[in-house]
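Here's the letter readout for the chains.
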Amino acid sequence: MFNKLFIFLLLSILPVAYSLAQVSVVTISGIVKNKAGKSAIPYANVIVKNEKDSAFVAGTVTNEEGRFSVENIKPGNYFLAVSFTGFEAKGQPLFIGSLSEFLDIPAIELVEQSTVLESVIITAKTNDISSRLDKKIYSVADNISQSGGSVLQSMQNLPGITVQDGKVQLRGNDKVTILIDGKQTALTGFGSQTGLDNIPASAIDKIEIINNPSSKYDANGNAGIINIIMKKNKQNGFNGKIGFTTGLGSLWVRKENLPAIRPQYTFTPKINPSLSLNYRKDKVNIFLQADDLYTKTLNKNQFVTRVYDDGTIINSQLKRNRNTNFLTTKAGVDWNIDQQNTLTVSGMYGSEKIIDRGDQPFFNQDITHRLRLWQFLEDELKTTVMATAAYQHKFKEAGHLLNAGFNYTFHRENEKYFYDNYLPSSKGTDAFKLISDEQVYDFNIDYTRPLKYGRVETGIKLRDRRIPTNMNFIPGENSVLDTDAGGWATYKELIPALYGNYVFENEKWETELGLRLEYVKIRYDVNPGHSTYKSDGYNYTQPFPNLRLAYKLNDSNKLSVFYNRRVDRPNEVDIRIFPKYDDAEIIKVGNPALRPQFTNSVELGYKYNWRNGYLFSAFYHRFADGTITRISSIVPGSTPVYAIFQNAGKSYNTGIEITWNQKVSGSYSFNINGNIYRNQINAFTVKNLYPQPNTFSAEKQTAISGNLKLNNVFRFAKSWDAQLTAVYLAPDIIPQGKILSRFSIDAGLKKAVQKGKGEIFLNATDLLNTMVIRRQVQGMGFSYTSNDYYETQVVRLGYSYKL
């Protein structure tokens, strides 16, 4: 492993525009009063001076109510001077931290006598790189090597993120909550993440990674939060951007098919047109963002050797050719009612069409005799409609805000599946049709009050979520599923929550203390005639505290300690009672008895800044109870493998993350991110009910794993930029087995044209075609090894133009 890491370090270094979260400029506000009568003093002079040389930084005069506001002040130490004719001038120290965008200065009282006060000066300098160490921000536009693809593809090169089985992981953990513009949506999942591979990256402005969320965020997602910020322009007048990207994948056959099945997809097309428009005049801002992503993909090409306990060996291949079309449209209007009140109304529409055509032949050990052939057609249409209304009231003090919002989501899954099972002497077809209509109502009120050295945040949120699902199942000849696999079920979720968060900052210390209190009521009603499962549910009231304490050793060094308690509730699909083929011999089914997983996490972070770079390191430890995992087992007397979610007891995740960012010169910079962690799942025993009661036991499982990403960026003359990315993923544990190491290199080239209004790019992913997913699994009654030669190499060419 270490030899590979050493070679990898020498191979490449690349970049993604990366910055730890920070507040770069701050707005200060306050009020000036007459000390004698406490009346406001209008038109008083307010000046901010630099502490070192008393140079003028910014200034203003108070309004008729004696209030003032000064914007765009960088974090640091200053001197605030206030004066008015007939009153003594007054000066006071002014420390501006990097945790809050707004600071409210306590009332400044002037005395009605003419005396000159000596200036009081405090020492410090603005630290442009200081941050809270709990958030990382990435610009999607700067990720040249993944431009033109999906959000999921864009994320896989980002420091601290890995992608496995279509899901993003933070520090080796896929319990990640995905937000769009700060809200959970059906596009990306209200519980477990979904759909990221079908959202065009062209619709996205930035991606925020929050490893240690505050109490302001929902408590689910123990690994952290990824907030996807969509594009939205607010410039005056009419402006916008149009773009078009095309590409090809699966440029050659990486491994030939087993005999007598349909061809693999090759030279798969990718097409992504995008449009962003904005018109702002006076009090109204109208915006529109539309993207369409059409792709053909060799989604899976997995070769499996399965060995059963009786010595039987079966070789198979699962090939899935996928056609996808994903359309997203977001439009809305911002109405600035007056200087203190704003109303935003917006809507989003998403349509995701997926058609999978696949083959799965099964052969004997030496591939001389075909035992069976399984072919399938999966036709899915997912439709999402969202409506949002957001109101903001600005109090007279800058940053003193009251926000109220309402969000409605409708999400329909319309799925049809057809599975043809060819045996030596017969053929059977299993057919399914599933309709699921999800409706979610979210209401929230958030209040923020800036203080002299921080801020106070509080709020409430209410969610009502319902998902009725109907499944019609028509079994074919020799079907392995029970005849009553269909039916209906309804998922109901009610979550009221209350939170409070306090932030304090002075020259040396930073503190953030929060508490979120959630009541959760889940009910899952099942068709009374179901042969295995009955209606079930649970409820709880739980506190979810968070703490961050930071100490600034000096201008270049900061040390932080974090604590979080979070929860991962089973998503509706995790408890859905309807069996579904994962492949011909693996059947996925939900578990209504599944319960939440609660996780406590602690982290120690350190950051060292210098002029052209920084070093960030974090030691973290998570311990979870009721760990949710999927287990696979064979029921005695049955052929299929049943994969069912269960609560496996206690698990642990401990690791170290290090990031080194360096600007070497005006034309070259690099970013290196390494993550080493240890995962452990304690021994457990559970009882499966489907398709018939059986007991499953597993020994304690541990593994040391990690990943290394080397990124560098080159900026050449005549507006040329280039990137090269290399990613190494070490072996890691998966349920009942492990996934072996993976490696890939991506590259991209970008040039500004048409006087900066246009831009062209060319990129290629997995240049060496080395990304192969290799697994080893030990189930109950069987074991298998697999190699998945799915599509990873894609070449894209794109153009965009600013209107």
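The shown structure was predicted, so the numbers you read here are calculated from the model rather than taken from an experiment.

### Concerning the nonpolar core
In step 1: Core analysis: the biggest nonpolar cluster contains 55 residues, and Trp374, Tyr419, Phe432, Tyr524, Tyr540, Ile577 and Tyr581 have the highest contact counts within it.
In step 2: Every residue in contact with Tyr581, bar those within four places of it in the chain, is listed here: Trp374, Tyr419, Asp430, Phe432, Ser479, Val480, Leu481, Ile586 and Ile587.
In step 3: Ranked by size, the runner-up nonpolar core spans 27 residues in total, among them Leu152, Val168, Leu170 and Ile228.

### Some remarks on the packing of aromatic side chains
In step 1: For the structure shown, the criterion picks out 27 aromatic pairs.
In step 2: Taking 6.3 Å as the distance between ring centres and 40° as the angle between the ring planes, the aromatic pair formed by Phe376 and Tyr419 counts as tilted. Highlighted residues: Phe376 in strand E21 (residues 370–394) and Tyr419 in strand E22 (residues 401–422), separated in sequence by 43 residues.
In step 3: When the centroid spacing of 6.3 Å and the interplanar angle of 5° are considered together, the rings of Phe782 and Tyr784 count as stacked.
In step 4: Accessibility expressed as a relative area gives 1% for Phe782, which makes it buried.
In step 5: Directly above the aromatic system of Tyr614 lies the positively charged group of Lys607, at a separation of 4.8 Å from the ring centroid.

### Overview of the pairing of strand E39 (residues 701–715)
In step 1: Summarising the sheet, strand E36 (residues 668–681) and E39 pair through 14 bridges and their orientation is antiparallel. Its bridge partner lying in E39, Tyr668 is registered against Phe714.
In step 2: Where E39 folds back onto strand E40 (residues 720–729) in an antiparallel hairpin, the turn is made up of 4 residues, including Lys718, whose phi is positive at roughly 60°.

### A short note on the sheet that holds strand E3 (residues 45–50)
In step 1: Strand order across the open sheet formed by 4 strands is E4-E3-E6-E7, with antiparallel pairing between neighbours. Whereas interior strands pair on both sides, the edge strands pair on one side only; in this sheet they are strand E4 (56–61) and strand E7 (90–96). The sheet shows a mean angle of 20° between the axes of neighbouring strands, direction not considered.
In step 2: Pairing analysis gives 5 bridges linking E3 to E4, with the strands arranged antiparallel. From the neighbouring strand, Val48 faces E4, where its bridge partner is Ala58.

### Points about the sheet that holds strand E29 (residues 580–583)
In step 1: What the 4 strands build is an open sheet, ordered E29-E30-E34-E33; its pairing is mixed. Both outer strands of the open sheet, E29 and strand E33 (628–634), are each paired with one neighbouring strand and no more. Adjacent strand axes in the sheet meet at a mean angle of 35°, parallel and antiparallel pairs treated alike.
In step 2: In this structure, E29 lies alongside strand E30 (residues 586–589), joined through 3 bridges in antiparallel fashion. Looking across to E30, one finds that Tyr581 is bridged to Ile587.

### Comments concerning the pattern of salt bridges
In step 1: Per the counting criterion, the structure on display carries 42 salt bridges.
In step 2: The partner of Glu397 in a salt bridge is Arg67, with the nearest N and O atoms 3.3 Å apart. Of the two residues, Glu397 sits in the loop between E21 and E22 while Arg67 sits in strand E5 (residues 67–73), which places them 330 residues apart along the sequence.
In step 3: Owing to a relative accessible area of 13%, Glu397 belongs among the buried residues under this scheme.
In step 4: As a salt-bridge pair, Glu510 and Arg548 come within 3.1 Å of each other at their nearest N and O atoms. Here Arg548 lies in strand E27 (residues 536–554) and Glu510 lies in strand E26 (residues 509–526), a separation of 38 residues in the sequence. Neither Glu510 nor Arg548 differs from the other in exposure class; each is buried.
In step 5: Each of Asp218, Asp442, Lys461, Arg463, Arg516, Glu518 and Arg569 takes part in one network of salt bridges that share partners.

### Concerning the confidence of the model for the protein
Interpretation of this model should avoid reading the predicted coordinates in detail wherever pLDDT is low.
In step 1: Chain-level statistics for the protein give a pLDDT mean of 87 and a share of 93% at 70 or above.
In step 2: For the stretch residues 1–21, pLDDT sits under 50, and the model shows 77 contacts to residues farther than four places along the chain or on other chains.
In step 3: Confidence drops under a pLDDT of 50 for residues 114–131, and excluding neighbours within four residues, the segment shows 50 contacts in the predicted structure.

### Examining the environment of Asn222
In step 1: Summarising the element assignment, Asn222 is placed in the loop between strand E14 (204–210) and strand E15 (224–230).
In step 2: For Asn222 and Pro259, which are 37 residues apart along the polypeptide, the C-alpha to C-alpha distance reads 45 Å.
In step 3: Not counting the four nearest positions on each side in its chain, Asn222 is found in contact with Asn173, Lys175, Arg566, Asp568, Gln597, Thr599 and Arg622.
In step 4: Polar contacts involving the side chain of Asn222 include one to the side chain of Asp568, which spans 2.5 Å.

### Some remarks on unusual backbone geometry
In step 1: Residue Pro691 is reached from Tyr690 by a cis peptide bond, and omega for that bond is -5°.
In step 2: Following the sequence through the fold, Pro691 ends up in the loop between strand E37 (684–688) and strand E38 (694–698).
In step 3: The residue Asp181 is not glycine, and still its phi comes out positive at about 50°.
In step 4: The topology assignment puts Asp181 in the loop between strand E13 (176–180) and E14.
In step 5: Even without being a glycine, Ile367 presents a positive backbone phi close to 55°.

### Structural notes on the pairing of E15
In step 1: Of all 7 residues making up E15, 7 are buried, and the element is well covered by its neighbours.
In step 2: Because side chains alternate across E15, one face comprises the buried residues Gly224, Ile226, Ile228 and Met230, and the other comprises Ile225, Asn227 and Ile229, equally buried.
In step 3: Taken together, the 5 bridges between E13 and E15 define a ladder with parallel strand orientation. Opposite Ile178, over in E15, you have Ile226 as the bridge partner.

Calculation criteria
- Residues numbered from 1 in each chain as written.
- Predicted model: local features only at pLDDT ≥ 70, side-chain atom pairs only at ≥ 80, totals over all residues.
- Heavy atoms only, no water.
- Core = buried A, V, L, I, M, F, W, Y, C linked by side-chain atoms within 4.5 Å.
- Buried < 20%, exposed > 50% of the residue type's maximum accessible area, 1.4 Å probe, protein only.
- Contact = heavy atoms within 4.5 Å.
- Phe/Tyr/Trp six-rings, centres within 6.5 Å; stacked < 30°, edge-to-face > 60°.
- Helix = DSSP H or I, 4+ residues; strand = E, 2+ residues; numbered from the N terminus.
- Lys NZ or Arg CZ within 6 Å of the ring centre and 35° of its normal.
- Pairing = 2+ DSSP bridges.
- Axes fitted to C-alpha atoms, helices over the stretch in contact; angles between N-to-C directions.
- Salt bridge = Lys/Arg side-chain N within 4 Å of Asp/Glu carboxyl O.
- pLDDT = per-residue confidence, 0-100.
- Polar contact = N/O pair within 3.5 Å; in protein donor to acceptor, adjacent residues only side chain to side chain.

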